[in-house]
Amino acid sequence: MVTLTLNGQELTLDADPAMPLLYAIRDIAQLTGTKFGCGMGLCGACTIHLDGQPIRACVTPVSAATNKHLTTIEGLATDGVLHPVQSAWIEHKVPQCGYCQSGQMMSAVALLKNNPNPNDDDINTAMQGNICRCGTYPRIRKAIKDAGKTMREHDKAVKS
């Protein structure tokens with residue numbers, strides 16, 4: 001048994017500690033928004049957050065998440081309100097086939113947490129581990145910049 005916190009909910013999973021987190025999340029916890037891509041941590045489709053940091057769930061064992069906080073794409077929205085990155089993804093019609101998008105959004109959220117006003121180079125560097133076979137990179141960059149603007153405006157309004 002492994003205990004972890006997934007999207008704010010403490011879970012005890014009957015999982016082999018060596019099992020990739022991706023399988024535990026999809027097959028045991030039944031959260032299927034995180035995708036299996038390459039199985040080697042190279043494409044980024046399985047990106048989730050472990051204590052706020054983006055990781056590849058396909059190559060991270062369940063044991064690494066014991067008593068840690070995990071966030072998946074299902075955990076980004078709060079109280080039914082989409083995260084600004086999710087809203088920007090919709091507004092800019094980023095997805096084409098959509099397969100990589102949950103991983104793309106998780107990496108984008110991590111980028112904006114550390115850099116709320118990234119330029120193209122910052123975005124390209126942060127997102128280089130997330131591959132989109134449809135080539136929606138220009139829309140991804142626009143959505144990230146727009147989400148960053150929304151987040152900065154929200155923070156400014158909260159502080160005033």
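Refer to the structure presented above.
Each chain has its residues counted from 1, following the order in which its sequence is written. Where local features are concerned, this predicted model is filtered to residues with pLDDT of at least 70; where side-chain atom pairs are given and counted, the filter is 80 or more; whole-chain, interface and lining totals use all residues. No hydrogens and no water enter the side-chain calculation; it runs on all heavy atoms of the structure.

Caption draft 1: Structural view of the environment of cysteine 134. Strands are runs of DSSP state E lasting at least two residues, helices are runs of H or I lasting at least four, and both sets are numbered from the N terminus onward. Here cysteine 134 is to be found in the loop between helix H4 (120–127) and helix H5 (137–159). Type-normalised accessible area, obtained with a 1.4 Å probe on protein chains alone, sets the label of each residue: buried when under 20%, exposed when over 50%, and partly exposed for intermediate values. Residue classification places cysteine 134 among the partly exposed residues on the basis of a relative accessible area of 24%. On a C-alpha basis, the gap between cysteine 134 and glycine 39 in space is 19 Å, while along the polypeptide they are 95 residues apart.

Caption draft 2: Structural context of the sheet that holds strand E3 (residues 47–50). Pairs of strands are assigned from DSSP output, requiring at least two bridges between the strands. With mixed pairing, 5 strands are arranged side by side in an open sheet as E2-E1-E5-E3-E4. Of all strands in the sheet, those bounded by a partner on one side alone are strand E2 (9–13) and strand E4 (53–56). Taken pair by pair, the neighbouring strands of this sheet meet at an average axis angle of 40°, ignoring direction. Contacts from helix H3 (residues 101–114) reach E3, E4 and strand E5 (69–71) within the one sheet, and its direction differs from that of E3 by about 40°. The angle between two axes is taken between their N-to-C directions and runs from 0 to 180 degrees, where each axis is a line fitted to C-alpha atoms and a helix contributes only its stretch in contact. In what follows, residue pairs with any heavy atoms lying within 4.5 Å of each other are defined as contacts.

Caption draft 3: Representation of H3 in the model. Its 14 residues place the ends of H3 20 Å apart at the C-alpha level, agreeing with the 20 Å of an ideal helix rising 1.5 Å per residue. Most of H3 is tucked away, with 12 of its 14 residues classed as buried. When we look at burial in H3, the residues that qualify are Gln101, Ser102, Gly103, Gln104, Met105, Met106, Ser107, Ala108, Val109, Ala110, Leu111 and Leu112. On its buried side, H3 packs onto E3, E4, E5, helix H2 (84–91), H4 and H5. Given a helix with a known number of residues, its expected span is that number minus one, times 1.5 Å.

Caption draft 4: Molecular detail of the packing of H2 against H3. Where H2 meets H3, the axes come as close as 9 Å, and the angle between the chain directions of the two elements is 125°. Viewed along their axes, H2 and H3 adopt a mutual orientation that is oblique. Between H2 and H3 the crossing geometry is right-handed. Taken together, the residues of H3 that come into contact with H2 (itself represented by Val85, Gln86 and Trp89) are Gln101, Gln104, Met105, Ala108, Val109 and Leu112. Under the scheme applied here, ten amino acids are nonpolar (Ala, Val, Leu, Ile, Met, Phe, Trp, Tyr, Cys and Pro), four are charged (Asp, Glu, Lys and Arg), and all others, including Gly, are polar. Looking at the contact of H2 with H3, its residues break down into 6 nonpolar, 3 polar and no charged. The labels follow the angle: roughly parallel below 35 degrees, roughly antiparallel above 145, roughly perpendicular from 65 to 115, and oblique for the rest. Handedness of a crossing follows from how the near helix is turned relative to the far one, being left-handed for an anticlockwise turn of less than a right angle and right-handed for a clockwise one.

Purely geometric numbers; function is a separate question.
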